[in-house]
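A closer look at the structure
Here is what each chain is made of, one letter per residue.
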Amino acid sequence: MSKAMRQMPQRCGRVGVAHGEAVRDLASDEASGPPREHQGTGSARPKAGTGGLLEAALARENLHRAWKRVKANKGAAGVDGLGIEQTAELLRTRWSDIRQTLLAGQYRPQPVRRVMIPKPDGSQRELGIPTVLDRLIQQALLQVLQPLIDPSFSDHSHGFRPGRRAHDAVKAARAYVQSGKRVVVDVDLAKFFDRVNHNILIDRLKRHIDDAGVIRLIRAYLNAGIMEGGVVIDRHLGTPQGGPLSPLLANVLLDEVDKALEARGYRFARYADDCNVYVGSIKAGERVMAYLRKLYTGLKLQNNEAKSAVASAFGRKFLGYALWVAKGKEVKYAVAKKALDNFKARIRQLTRRSGGRSMEQVVEKLRPYLLGWKAYFGMAQTPRVWRELDQWLRHRLRAIRLRQWKRGTTMYRELLAMGAKERVARPVAANSRRWWRNSAKLLNSVLTIAWFDQMGLPRLS
């Protein structure tokens, strides 16, 4: 999964559907249906020999946990068009046969459904949506493989690992800069998830696990292909984002680079394919960049030279954050300019078509995004920026309110009804067509901060 957007608000990389499942617990239905025929594997644990891991992944208890996770994550249907409930019915009637094909090495995953996700800068990110059945199987595999593989990963790796998150990587970066490493080697891999070499990935995976059935199944997922417009496109490179296994596989491949950097004593932080190395000089940074190019070339990955750089740590962003120096030479966090621009672009998008919706409905739509954004960027130590964003947002909502009222006579009547004084309502109504310019100063005394609080609009500051 690419960049910071995986743990940032409006996460990225997932296609959500509305909340609300059937009253019955389909996970329980699935787990206590066909899989009951194999209750002997319910307490199976991973074994070193061939077949042990796959049997553990397909054990009843593990599948039950995997189903609950897939169900909780929601997500759209894959190429088979089956959602959560339809897949639950499929499992009740056909799971025994599916399990046998998996154990026999004859299971063939269906192609992933290609979805293009628009990015704030106007570009698009490709997402591959597996079927719900394949998401279940991948999640079951992940639950068995991650406890075995994750402990061997570098402590400098923070992405998609239990107990770790993007904030940990940003905190590590700040600590390095505070210690005097003021130059960053900022590496951006070009279309990483599209260019993963299957043979190299499988070779690195075999260093962690010795189970022919699991290796065969993972290779089948890598080779499943992508369906677009009813046509299946074969895939010989890449691991499509969207499946539960993709982040673990990415960490398996890039751990080789982490270990090489560790062996040389470099200070760095990696989150998925974002890697920043912190050094004391530009010259040292250029040596590290050359070394990283060599390492990535060995994995048949390509450096995006246009976005990669050796530069001051205070002029680059990392996972949406920037760094700045306060009084006393203390390094602090800030929201990067691009993240601020993306925030405003998203707010404009969420409030663009506000005609026909009440202010309560507009706020209700904004609320999840604002809360998520605030939670992610809560480490930023820039109170003035938070206040300015709050002011800008309320200004925009006041302009929307005026636009909803449209006519000056309506504005005048509504403002008086809200308790505005004559000297406020009259000039606002007289400038009824100048929504943005008119939605400040005098209007602030009526549509106050307390009024927005009562509406349920979260404050950023």
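Residues numbered from 1 in each chain as written. Predicted model: local features only at pLDDT ≥ 70, side-chain atom pairs only at ≥ 80, totals over all residues. Heavy atoms only, no water.

Side note on unusual backbone geometry
We apply this condition: In this text, helices come from DSSP runs of H or I with a minimum length of four residues, and strands from runs of E with a minimum of two, each type numbered from the N-terminal end.
Although it is not a glycine, Leu319 sits at a positive phi angle of roughly 55 degrees. Positionally, Leu319 belongs in the loop between β8 (309–312) and β9 (321–325). One non-glycine residue, Lys329, lies in the positive phi region at around 60 degrees. Looking at where Lys329 falls in the secondary structure, it is placed in the loop between β9 and β10 (331–335).

Comments concerning empty space enclosed by the protein
Rules: Both site types are read off a 1 Å grid over the protein atoms alone. A 1.4 Å probe that fits but cannot get out defines a cavity, while an open set with protein on both sides within 12 Å along at least five of seven lines defines a pocket; lining residues have an atom within 4 Å of a point. Grid points are joined across faces, edges and corners, and a volume is the space filled by probe spheres set on the points.
Using the criterion set out here, one finds three cavities of 30 Å³ or more in the structure. Of the voids in this model, the largest cavity is the one considered here, and its volume is about 160 Å³. Surrounding the largest cavity, 17 residues form its lining, Gln138, Tyr221, Thr239, Pro240 and Ser246 being those nearest its centre. Within the residue set of the lining of the largest cavity, elements represented by two or more residues are α5 (132–149), α9 (212–222) and α10 (246–263).

Describing helix α14 (residues 383–405)
Spelled out, the test is: Take the residue count of a helix, subtract one, and multiply by 1.5 Å to get its expected span.
Here α14 contains 23 residues, and its C-alpha end-to-end distance of 33 Å stays within 8% of the 33 Å for a straight helix at 1.5 Å per residue. Positioned one or two residues after α14, Lys406 has a phi angle of 65 degrees, which is positive.

A short note on the confidence of the model for the protein
The condition is simple: The quantity known as pLDDT measures the predictor's confidence residue by residue, on a range of 0 to 100. Every residue pair with non-hydrogen atoms within 4.5 Å of one another is taken to be in contact.
For the protein, mean pLDDT is 85; residues scoring 70 or higher make up 86% of the total. When mean pLDDT is taken per element in the protein, helix α6 (residues 166–178) scores highest with 98 and helix α1 (residues 26–32) scores lowest with 32. When the criterion is pLDDT under 50, residues 1–50 qualifies, and its contacts beyond four places in sequence or with other chains add up to 132 contacts.

Some details on the pattern of salt bridges
The test is simple: In the sections that follow, a salt bridge refers to a side-chain nitrogen of Lys or Arg positioned within 4 Å of a carboxyl oxygen of Asp or Glu. Partly exposed describes any residue whose relative accessible area lies between the buried limit of under 20% and the exposed limit of over 50%, with all areas from a 1.4 Å probe on protein chains only and scaled to the type maximum.
Summed over all chains, the structure comprises 15 salt bridges. One salt bridge connects Arg207 with Asp203, and the closest N-O pair in it is separated by 3.3 Å. Here Arg207 falls in the exposed class, since its relative accessible area comes to 59%. Here Asp203 falls in the partly exposed class, since its relative accessible area comes to 35%. Where Arg426 meets Glu422, a salt bridge forms, and the shortest distance between an N and an O atom there is 2.3 Å. Residue Arg426 and its partner Glu422 are located together in helix α16 (residues 422–430), separated by four residues, close to a single helical turn. Glu422 sits in the partly exposed class, given a relative accessible area of 35%.

With respect to the packing of aromatic side chains
Rule in force here: Here a pair means two rings of Phe, Tyr or Trp (six-membered ring of Trp) with centres within 6.5 Å. Their orientation is stacked below 30 degrees between planes, edge-to-face above 60, and tilted elsewhere. Distance and angle both matter: a charge sits over a ring if NZ of Lys or CZ of Arg is within 6 Å of the ring centre and within 35 degrees of the ring normal.
Applying the stated rule across the entire model yields 12 aromatic pairs. Taking the centre distance of 6.1 Å and the plane angle of 70 degrees together, the rings of Tyr321 and Tyr333 count as edge-to-face. One end of the pair, Tyr321, is in strand β9; the other, Tyr333, is in strand β10, and 12 residues separate them in sequence. For Tyr321, a relative accessible area of 2% puts it in the buried group. Using a relative accessible area of 10% as the deciding quantity, one classes Tyr333 as buried. Through a chain of ring-to-ring contacts, three or more aromatic side chains come together here, namely Tyr321, Tyr333, Phe343, Tyr369, Trp373, Tyr376, Phe377 and Trp386. One Lys or Arg, Arg264, reaches over the ring of Tyr291 and ends 3.7 Å from the middle of that ring.

Points about the nonpolar core
Definition in use: Side-chain atoms within 4.5 Å are what join buried Ala, Val, Leu, Ile, Met, Phe, Trp, Tyr and Cys residues into a set we call a nonpolar core.
Ranked by internal contacts, the top residues of the largest apolar core, which has 69 residues, are Leu145, Phe192, Ile218, Val277, Leu292 and Tyr296. Tallying contributions element by element places α5 first for this core, with 10 residues. In this structure, Leu145 is in contact with Leu53, Ile209, Val214, Ile218, Leu245 and Leu248, ignoring residues within four places of it in sequence. Core analysis: the next-biggest nonpolar cluster, separate from the first, contains 61 residues, Val331, Tyr333, Trp386 and Val428 among them.

Looking at the pairing of strand β2 (residues 124–129)
Selection criterion: Any two strands with at least two DSSP bridges between them are considered paired.
Most of β2 is tucked away: five of the six residues are buried. Direction of pairing for strand β1 (residues 112–118) relative to β2: antiparallel, over a ladder of six bridges. Across the sheet, Met116 pairs through a bridge with Glu126, a residue of β2.

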